[in-house]
Amino acid sequence: MIAAMHLSARGIAVLICCLGAAAVSVSAQNRPPEDIEHIREELGVNDFTAPSIEIVFRELHDLKPIPFDKIWRDLPDATPQDRPRLALEMGAVIADGFLAVAAEKQSRIEPVGRVLLKYARGLGVADPVNKHTRSILEKAARQQWPEIKQELIRTQAEVEAAMLGLKDEEIAHLIALGGWLRGLEMTSGVVVQTYSSERAARLVQPELLDYFIDRVSTLHPTLKKSALGQTIEKDLKEVKRIISKPPDTPLTESDAKQIHDLAAEMNRMIASGGE
């Protein structure tokens, strides 16, 4: 999951919220910090939707060794046609990119970049994403993993500025949710592969779950009433039930497996279009 949102690789999830349009592709460095904070406050977009990628990498490092082949997935071929699912899947693919970098899998970086650029075109932010994708690919070819990490951090800052400039709150939250759900599947998968009560404790994030349950409750009625929306809401509440234990009562291996299965179900529905 995640820590600075508490969203970290307690949800490798993490997120570079890729969204916006050419008209709002203003660099975060050029936007006054107080302006970003003002827009964030106005939209209800806070640290929960913009986790620190540095924390994500730190959490991933703490979870090593990562059974990469066990938790990697084939990236989607088709581009979702509806904007909400495109946002959810964008977040999920960003989380896949975090996994590839954390595991230093050079061959997986290019496919992630290609899919992200395709999704960025669908959301209207191809130019800034393309710039950072090229840089990430160049650094991956030289296996400059610390530099790739920094490039992802810079990417997050710029795309977040575009997202806030667009004032599209729901899409912003859906990108964050998609990244976190994929991160939850990854993190719980790592815990299941090598279980210990200490590792399982990383899955206990009640504030984070409350946050996303609240976000889902405010979705547009069409999405909220869809099979996808209802499954996400139901499964998030079930995860909350599983982690709601008395103090000093650790999650069991069975608990971790249930969380992983729920996260996998939500991600399958996102990838398949809610079928």
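Small disclaimer: the values here were computed from a predicted structure and weren't measured.

Thresholds applied
Residues numbered from 1 in each chain as written. Predicted model: local features only at pLDDT ≥ 70, side-chain atom pairs only at ≥ 80, totals over all residues. Heavy atoms only, no water. Helix = DSSP H or I, 4+ residues; strand = E, 2+ residues; numbered from the N terminus. Buried < 20%, exposed > 50% of the residue type's maximum accessible area, 1.4 Å probe, protein only. Areas by Shrake-Rupley, 256 points an atom, 1.4 Å probe, with all protein chains shown as cover. Contact = heavy atoms within 4.5 Å. Phe/Tyr/Trp six-rings, centres within 6.5 Å; stacked < 30°, edge-to-face > 60°. Lys NZ or Arg CZ within 6 Å of the ring centre and 35° of its normal. Expected span 1.5 Å × (residues − 1). Core = buried A, V, L, I, M, F, W, Y, C linked by side-chain atoms within 4.5 Å. Axes fitted to C-alpha atoms, helices over the stretch in contact; angles between N-to-C directions. Parallel < 35°, antiparallel > 145°, perpendicular 65-115°, else oblique. Left-handed = near helix turned anticlockwise from the far one by under 90°. Salt bridge = Lys/Arg side-chain N within 4 Å of Asp/Glu carboxyl O.

Looking only at helices and strands, the protein features 13 helices and zero strands. Seen in sequence order, the protein has helices and strands lined up from the N terminus as α-α-α-α-α-α-α-α-α-α-α-α-α. In the protein, which comprises 275 residues, the proportion classed as buried is 55%. In the structure as shown, the protein presents an accessible area of about 11700 Å², 50% of it carried by carbon and sulfur atoms.

Okay, the side chain of Glu233 next. Relative to the helices and strands, Glu233 is located in helix H12 (residues 227–243). In this structure Glu233 touches Val216, Ser217 and Lys224, once residues within four positions along its chain are discounted.

Next up on the list: the environment of Glu89. In this structure, Glu89 sits in helix H4 (residues 83–102). The buried category is assigned to Glu89, whose relative accessible area is 2%. For Glu89 and Ile270, which are 181 residues apart along the polypeptide, the C-alpha to C-alpha distance reads 6.7 Å. Once you skip the residues sitting within four places of it in the chain, Glu89 turns out to touch Arg73, Pro76, Pro80, Tyr119, Ile270 and Ala271.

Our next topic: the packing of aromatic side chains. Applying the stated criterion to the full structure yields three aromatic pairs. Centroid distance Phe68 to Trp72: 5.2 Å. Interplanar angle 20°. Geometry classified as stacked. A relative accessible area of 4% means that Phe68 is categorised as buried. The class for Trp72 is buried, based on a relative accessible area of 16%. Considering the side-chain rings of Tyr211 and Phe212, the 5.6 Å spacing of their centres and the 80° angle between planes classify their relative orientation as edge-to-face. Members of the aromatic cluster, each reached through a chain of ring pairs, are Trp180, Tyr211 and Phe212. We note Arg215 situated over the ring of Tyr211; from NZ or CZ to the ring centre the distance is 5.7 Å.

In this section: helix H8 (residues 169–193). An ideal rise of 1.5 Å per residue puts 36 Å on 25 residues; H8 measures up with 36 Å between its terminal C-alpha atoms. Among the 25 residues of H8, 21 are classified as buried, and the element is accordingly described as predominantly covered.

Among the nonpolar cores identified, the biggest contains 67 residues, and Leu177, Trp180, Ile232 and Leu236 are the most heavily contacted of them. Examining the composition of this core, we find that 12 residues originate from one element, H4, more than from any other.

The periodicity of an α-helix, 3.6 residues per turn, causes residues three or four places apart in sequence to face the same way. Helix length check: helix H5 (residues 106–123) (18 residues) gives 26 Å between terminal C-alpha atoms against 26 Å at 1.5 Å per residue, within 8%. Two residues or fewer after H5 comes Gly124, characterised by a positive phi angle close to 90°.

With respect to the secondary-structure elements, His220 resides in the loop between helix H10 (206–217) and helix H11 (221–224). Between the C-alpha atoms of His220 and Glu170, which are 50 residues apart in sequence, the distance is 8.2 Å.

For the rest of this paragraph, the subject is the packing of H12 against helix H13 (residues 253–272). The N-to-C vectors of H12 and H13 enclose an angle of 165°; their axes lie 10 Å apart at closest approach. Put simply, H12 runs roughly antiparallel to H13. Pair H12 / H13 crosses with left-handed handedness. Residues Ala227, Leu228, Thr231, Ile232, Lys234, Asp235, Leu236, Glu238, Val239, Arg241, Ile242 and Ile243 of H12 touch H13, and the partners they reach there are Asp255, Gln258, Ile259, Leu262, Glu265, Met266, Met269 and Ile270.

All right, on to the pattern of salt bridges then. Considering all chains together, one arrives at 14 salt bridges under this definition. Its salt-bridge partner being Glu233, residue Lys237 comes within 3.8 Å of it at the nearest N-O pair. With Lys237 and Glu233 both in helix H12 and four residues apart, this pair spans about one turn of that helix. For Glu233, a relative accessible area of 16% translates into the label buried.

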